[in-house]
Amino acid sequence: MANSENTRSGSSEPSSQTHDNPPSDPSAKATVAPASQGRIASIDALRGFDMFWICGGRGLFLFLVVLIFGSVPPWLQHQMSHVSWVGFTAWDLIMPLFLFIVGVAMPFSFAKRLQTESKRQLYFKIIRRTLILFVLGMVAQGNLLQFKLASLQIYCNTLQSIAVGYFVASILLIHLRFRGQLIVTVGLLLGFWAIMSWVPIPGIEGVGHLEPKENIAKYIDQAVLGQGGTYTWVLSSMTFAASVMLGVFAGQLLRLPMRDTKKVLALLGLAMLCLVLGWVWSYWFPIIKHIWSSSMVLWAAGWSYLLLAIFYLVIDVWNFKKWSFPFIVIGSNAIFAYMFTRPFKTSAIAESAVGGLAAHLSEPLANQLVPAAHFILLWLILLYMYRKKTFIKI
């Protein structure tokens, strides 16, 4: 991992060919037609929007809601929480959107690097990034820093799902054309469905079990990783890769030499297609984020395409950028933002800063004040890094 003025963050790749050296003025105009000739600011902004929620923006958002309305409406509280098993809320979109954005960025960086680097050099960087993301995932959630084998979890974190999806998508980008990439992606979704539906669990009668503790993906995790919980990882790597590839298709679309309005319409069309397919498929294979079901992949991708279309239209087509600056600050150092609050207990700093004030506020406000202060602290650190042109990249 590097830390310098000329490095950038992202989940694993810069979000466009010119992202290695961002302008100091966040509102500087970008050329987007064709995409390969300029900076697509909407990718950084959408990444930052997603990271806003991952890194604690929920506390700030709910604090403002309580400040304005006096309480959090039940419908909003529901959308800001994960479903227990079957179903999907806005809060469940955060992780799939993260994988999707990784895929969107890849065609830009790979197109540039395939012109200047050999496949051997590129594979070395791909493997290095994959391993680093896996290690960071163990630091963030796998108890690596406890240095106890008994508590170590090898595969258990969003960064590791990104690592696997990125690795598979990289191979497909290097060796296959669009048609082959599409066939493999469809095959991953159908293959996962087939395994989950028709492969029996040893010792359990019947097939197609999709209960939290009783499904073939969970059985494989327990056999390979020895891990409990309801989220699955080893077999779900198939659909992690599909999520990243659906983002790759969006990135390839943005690179096409066509009118920006047509790109927006195409993204909206893909959004509707994925939403319809995911909804229909859910009648046979339910939308379950915990196992990363194929219907969930399509449903989440539909909302991700829709968000990308909106961000691209507003920021890069209409050139209305200034509102997105807070998100670009976060998106420009996404890996740092993700990791900073994991091993370091920054919430204690926020507690010491505003904990006394919280004691004098009403309960709804007091409950959200410390989380809001925690996020503001992180954002100010990211702003300082942005102003100093310090971007962390792996």
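Sequence order as written defines the numbering, with residues in each chain counted from 1. Per-residue local features are limited, in this predicted model, to residues with pLDDT of at least 70; the limit for side-chain atom pairs, both in listing and counting, is 80 or more; totals at the level of whole chains, interfaces and linings are taken over all residues. Derived side-chain values reflect all non-hydrogen atoms in the structure, with water molecules and hydrogen atoms excluded from consideration.

### Quick look at the nonpolar core
- Side-chain atoms within 4.5 Å link the members of a nonpolar core, which is a set of buried Ala, Val, Leu, Ile, Met, Phe, Trp, Tyr and Cys residues. The classification of residues rests on relative accessible area computed with a 1.4 Å probe and restricted to protein chains. Under 20% of the type maximum is buried, over 50% is exposed, and intermediate values are partly exposed. Ranked by internal contacts, the top residues of the largest apolar core, which has 122 residues, are M51, M106, M196, L254 and Y305.
- Put simply, DSSP H or I for four residues or longer makes a helix, DSSP E for two residues or longer makes a strand, and each gets a number counted from the N terminus. A total of 14 residues in this core trace back to one element, the largest contributor, which is helix α11 (residues 294–317).
- Here M51 is in contact with F98, I330, A334, A337 and Y338, once residues within four sequence places are set aside. A contact between two residues is defined here by any heavy atoms of the two lying within 4.5 Å.

### Structural notes on the confidence of the model for the protein
- Within the protein, residue pLDDT values average 86, and 84% of them lie at 70 or more.
- Values of pLDDT, the confidence the predictor places in each residue, fall between 0 and 100. This stretch, residues 1–37, has a pLDDT under 50; its non-local contacts, to residues over four places away or in other chains, come to 124 contacts.

### With respect to unusual backbone geometry
- The phi dihedral of W292 falls on the positive side, at around 60 degrees, and the residue is not glycine.
- Mapped onto the elements of the fold, W292 is located in the loop between α10 (260–281) and α11.
- Located in the positive-phi region is K389, a residue other than glycine, with phi close to 55 degrees.
- Position of K389 relative to the elements: it lies in the loop between α15 (363–387) and β2 (391–393).
- Judged by relative accessible area, which is 34%, K389 ranks as partly exposed.

### Side note on the packing of aromatic side chains
- Only centres within 6.5 Å qualify two rings of Phe, Tyr or Trp (six-membered ring in Trp) as a pair; their planes then separate them into stacked at under 30 degrees, edge-to-face at over 60, and tilted for everything else. Per the stated rule, a full pass over the model turns up 27 aromatic pairs.
- Seen from their ring centres, F52 and F327 are 5.8 Å apart, and the 80 degrees between their planes marks the pair as edge-to-face. Of this pair, F52 sits in helix α1 (residues 41–54) while F327 sits in helix α12 (residues 325–331), placing them 275 residues apart in sequence.
- A relative accessible area of 11% places F52 in the buried class.
- Pairing W193 with W198 gives two aromatic rings, centres 5.6 Å apart and planes at 45 degrees, and the pair type is tilted.
- Feature note: the residues F49, F52, W53, F61, W91, F311, W323, F327 and F375 constitute an aromatic cluster, connected by ring pairs.
- Over the face of the ring belonging to W91 we find R58, whose NZ or CZ atom lies 5.5 Å from the ring centre. Whether a charge sits over a ring depends on NZ of Lys or CZ of Arg being within 6 Å of the ring centre and within 35 degrees of the ring normal.

### What to know about the packing of helix α6 (residues 158–175) against helix α9 (residues 237–255)
- Each axis is a line fitted through C-alpha atoms, and for a helix only the stretch in contact is used; angles between axes span 0 to 180 degrees, taken between their N-to-C directions. Here α6 crosses α9 at 55 degrees, and the two axes come no closer than 8 Å. The angle between the axes of α6 and α9 places the two elements in the oblique class. Classified by chirality, the crossing of α9 by α6 is right-handed. On the side of α6, the interface is formed by S161, V164, G165, Y166, V168, A169, L172 and L173, while α9 contributes S237, F240, A241, V244, M245, V248 and Q252.
- Residues are sorted three ways: Asp, Glu, Lys and Arg are charged, Ala, Val, Leu, Ile, Met, Phe, Trp, Tyr, Cys and Pro are nonpolar, and all the rest, Gly among them, are polar. Taken together, the residues that form the contact of α6 with α9 break down as 11 nonpolar, 4 polar and no charged. Note that the term roughly parallel is reserved for angles under 35 degrees, roughly antiparallel for angles over 145, roughly perpendicular for angles of 65 to 115, and oblique for everything else. Two helices that cross are described as forming a left-handed crossing if the nearer one is turned anticlockwise from the farther one by less than a right angle, and a right-handed crossing if clockwise.

### Considering a nonpolar patch on the surface
- A patch is a set of surface residues, each over 30% in relative accessible area and not in a salt bridge, joined within 9 Å for like charges and within 5 Å for the nonpolar side chains Val, Leu, Ile, Met, Phe, Trp and Tyr. Using a 1.4 Å probe, accessible areas were evaluated by the Shrake-Rupley method; residue-level cover was limited to the displayed protein chains. A pair is scored as a salt bridge if a Lys or Arg side-chain nitrogen falls within 4 Å of a carboxyl oxygen belonging to Asp or Glu. Side chains of V276, W279, V280, Y283 and W284 sit close together on the surface and give an oily, nonpolar patch of about 610 Å² of accessible area.
- Topologically, V280 is positioned in helix α10.

### Focus on the environment of I310
- Along the chain, I310 turns up in helix α11.
- The exposure class assigned to I310 is partly exposed, which follows from its relative accessible area of 42%.
- Between the C-alpha atom of I310 and that of L268, which follows or precedes it by 42 residues, the distance is 8.8 Å.

### Structural notes on the packing of α1 against helix α4 (residues 94–116)
- Packing of α1 against α4 brings their axes to within 10 Å, and their N-to-C directions diverge by 155 degrees. Relative to α4, α1 is oriented roughly antiparallel. The two elements α1 and α4 cross, and the hand of that crossing is left-handed. From α1, I43, L46, R47, D50, M51, W53 and I54 reach across to α4, where they touch I94, L97, F98, I101, V104, A105 and F108.
- Taken together, the residues that form the contact of α1 with α4 break down as 12 nonpolar, no polar and 2 charged.

### Here's the deal with the pattern of salt bridges
- Inspection of every chain in the model, using the stated rule, returns 2 salt bridges.
- Across the pair D44 and R47 runs a salt bridge whose closest N-O atoms are separated by 2.5 Å. With a gap of 3 residues between them, D44 and R47 both fall in helix α1, about one helical turn apart. The same class applies to D44 as to R47, namely buried.

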